[in-house]
Amino acid sequence: MFSTTEIGIDLGTANVLIYTKSKGIILNEPAVVAMDVKNNAVVAVGEEAKSMIGKTPQNIVPIRPLKDGVIADFDTTTQMLKAFLKKVGKKAGVSMRKPSVVVCTPAGSTAVERRAIDNAVKNFGAKEVHLIEEPIAAAIGADLPVSEPQASMIVDIGGGTSEVGIISFGGVVASRSVRVGGNHIDEEIIQYVKKEFNVLIGDSTAENIKMEIGYALVDHSNEEMDVRGRDLVTGLPKVITISSSQVQSAIKEVLDSILTAIRDTLENCPPELSGDIVDQGITLTGGGALLKGMQEWLSQEVNVPVHIAPNPLESVAIGTGRSLKMIQKLQKAAK
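Scoring rules and cut-offs
Residues numbered from 1 in each chain as written. Predicted model: local features only at pLDDT ≥ 70, side-chain atom pairs only at ≥ 80, totals over all residues. Heavy atoms only, no water. UniProt positions renumbered as here; feature names shortened; annotations may be inferred. Pairing = 2+ DSSP bridges. Helix = DSSP H or I, 4+ residues; strand = E, 2+ residues; numbered from the N terminus. Axes fitted to C-alpha atoms, helices over the stretch in contact; angles between N-to-C directions. Contact = heavy atoms within 4.5 Å. Domains from an automatic or database assignment. Buried area = accessible area lost by both parts, 1.4 Å probe. Salt bridge = Lys/Arg side-chain N within 4 Å of Asp/Glu carboxyl O. Polar contact = N/O pair within 3.5 Å; in protein donor to acceptor, adjacent residues only side chain to side chain. Nonpolar A, V, L, I, M, F, W, Y, C, P; charged D, E, K, R; others polar. Buried < 20%, exposed > 50% of the residue type's maximum accessible area, 1.4 Å probe, protein only. Core = buried A, V, L, I, M, F, W, Y, C linked by side-chain atoms within 4.5 Å.

An unreviewed UniProt entry lists the protein under the name Cell shape-determining protein MreB, from Gracilibacillus halophilus YIM-C55.5. You can read under Sequence similarities (unreviewed entry) in the UniProt record for the protein the words "Belongs to the FtsA/MreB family." Among the UniProt annotations of the protein, the heading Subunit (unreviewed entry) holds the following wording: "Forms polymers."

Put into structure tokens, the structure is as follows:
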């Protein structure tokens with residue numbers, strides 16, 4: 001169908017992943033750009049820019065140009081994509097001249113948000129751009145039978161959004177998108193530490209807490225972790241000890257929002273397909289799927305089997321790339 005390079009882009013709030021049919025995932029880097037505000041020049045992108053967060057002089061500002069799964073800063077997103085594709089071209093030896101691109105969008109995104117994604121991708125020189133809903137991309141990447149006449153239920157917990165979708169015959173039957181995800185869990189941890197301990201911690205520290213001792217709302221043996229931050233009273237560095245049960249209470253609200261979205265989607269599922277979900281269960285993708293106890297907690301709450309996709313962090317990008325073959329079929333189903 002395409003004569004040029006075919007690539008799939010998972011334009012995530014936390015990470016950008018780029019997939020090609022011949023090489024698989026060729027880039028997986030944080031969606032961060034470090035800008036020099038004096039001359040508006042890009043200093044660094046991806047891993048290098050993320051490592052600068054909280055450590056730069058005043059003229060260099062690390063920016064996350066994507067917020068809640070959509071573009072918040074159009075020009076910076078375009079510059080970031082150009083830099084990533086240049087990096088990919090050199091590293092993987094893939095020609096990025098006028099590629100055909102499939103990009104995933106949140107299920108609940110507006111026409112304006114979709115147009116912004118379309119324009120940003122075209123701006124770096126894409127020949128043609130196809131948009132695919134994130135739940136479908138995640139389901140394809142998780143090896144679910146999306147084109148079959150049976151229900152496949154996917155829950156993709158990303159950095160900025162959590163997407164819930166029930167897919168049958170290549171189209172979304174019921175879906176819900178909530179603008180909460182891994183970044184909001186980090187933010188809740190920062191706010192909790194600030195309120196309870198009067199200590200300010202950074203984004204990277206909050207992410208480490210989540211990964212080390214973060215648990216979904218399940219029973220577990222309590223764990224503790226020493227955390228370094230700045231005392232808000234004295235302004236001096238301080239070390240505090242936080243427990244996994246404290247982290248649980250800090251992130252409860254975000255997890256409840258994701259659970260509500262899953263329940264709402266199940267309520268809107270046609271009865272004929274509900275039986276498939278009881279048999280097949282729910283598949284989790286995205287970084288949030290890796291939170292300890294997530295699978296067990298959701299299974300208890302919704303009373304159906306819950307599985308984690310083979311590559312939860314890469315499912316959307318893999319599905320976006322694979323959908324290049326299926327794009328015509330998917331577009332017909334969406335009409």
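**Brief notes about the sheet that holds strand S13 (residues 171-178)**
An order of S13-S12-S11-S17-S18 is seen for the five strands of this open sheet, with the pairing classed as mixed. With partners counted over all chains shown, the strands left at the sheet margins are S13 and strand S18 (306-308), one partner each. Pairwise comparison of adjacent strand axes, ignoring direction, gives a mean angle of 20° for this sheet. In this fold helix H4 (residues 134-141) packs onto strand S11 (152-157), strand S12 (162-168), S13 and strand S17 (282-285), with an angle of close to 70° to the strand it touches most, S12. Its contacts with the sheet place helix H9 (residues 294-302) against S11, S17 and S18, and it is angled at close to 160° to S18.

**Description of the domain arrangement of the protein**
The assigned domain composition of the protein is domain 1 (6-137 + 315-334), domain 2 (146-180 + 257-309) and domain 3 (182-250). Of note, the centres of domain 2 and domain 3, computed from C-alpha atoms alone, are 28 Å apart. Opposite the eleven residues of domain 2 that make contact, domain 3 presents 13 residues. When domain 2 packs against domain 3, close to 960 Å² is buried across both sides, 62% of that on carbon and sulfur atoms. Sorting the residues of domain 2 by area buried against domain 3 places Leu 291, Lys 292 and Trp 297 first, and these three jointly supply 57% of that buried surface. Our count for the contact surface shared by domain 2 and domain 3 stands at one salt bridge. For Lys 292, the salt bridge goes to Glu 223, with nearest N and O atoms at 4.0 Å. For the pair domain 2 and domain 3, the number of links is six residue pairs in polar contact (both at pLDDT 80 or more). Residues belonging to the side of domain 2 that touches domain 3 are distributed by class as follows: four nonpolar, four polar and three charged.

**Quick notes on the sheet that holds strand S16 (residues 237-243)**
The strands making up a sheet are joined through hydrogen bonds of the backbone, oriented either antiparallel or parallel. What the three strands build is an open sheet, ordered S14-S15-S16; its pairing is antiparallel. Since the sheet does not close on itself, it has two edges, and those belong to strand S14 (199-200) and S16, each with one partner. Bridge analysis of strand S15 (residues 224-231) against S16 gives seven bridges, and the strand direction is antiparallel. In the sheet register, Asp 226 faces S16, and the bridge partner there is Thr 241. Docked against the sheet, helix H5 (residues 182-197) engages S14 and S16, running at close to 105° with respect to S16.

**Points about the pairing of S12**
Within S12, seven of the seven residues are buried, which leaves it mostly tucked inside the rest of the structure. Residues Ser 162, Val 164, Ile 166 and Ser 168 point to one face of S12 and Glu 163, Gly 165 and Ile 167 to the other, with burial holding for every one of them. Examined bridge by bridge, S11 and S12 share six bridges and lie antiparallel to one another. Considered in S12, the bridge of Ser 152 is made with Ile 167. Here S11 folds back onto S12, and the loop between the two strands holds four residues. Inspection of the sheet shows S12 paired to S13 by seven bridges, in the antiparallel sense. Within S13, the position partnered with Gly 165 by the bridge is Ser 175. Counting the residues between successive antiparallel strands, the hairpin from S12 to S13 contains two residues, one of them, Phe 169, with a positive phi of roughly 55°.

**Section: the nonpolar core**
In this structure, Ile 189, Ile 201, Ile 242, Ile 262, Ile 282 and Met 294 are the most contacted members of the largest nonpolar core, which totals 49 residues. When residues of this core are assigned to their parent elements, the largest contribution, nine residues, is made by helix H7 (residues 244-267). Ignoring sequence-local partners within four residues, the contact set of Ile 189 consists of Ile 201, Ala 206, Ile 209, Lys 210, Val 247 and Ile 251. Ile 9, Leu 81, Phe 84 and Phe 124 belong to the second largest nonpolar core, which has 27 residues in total.

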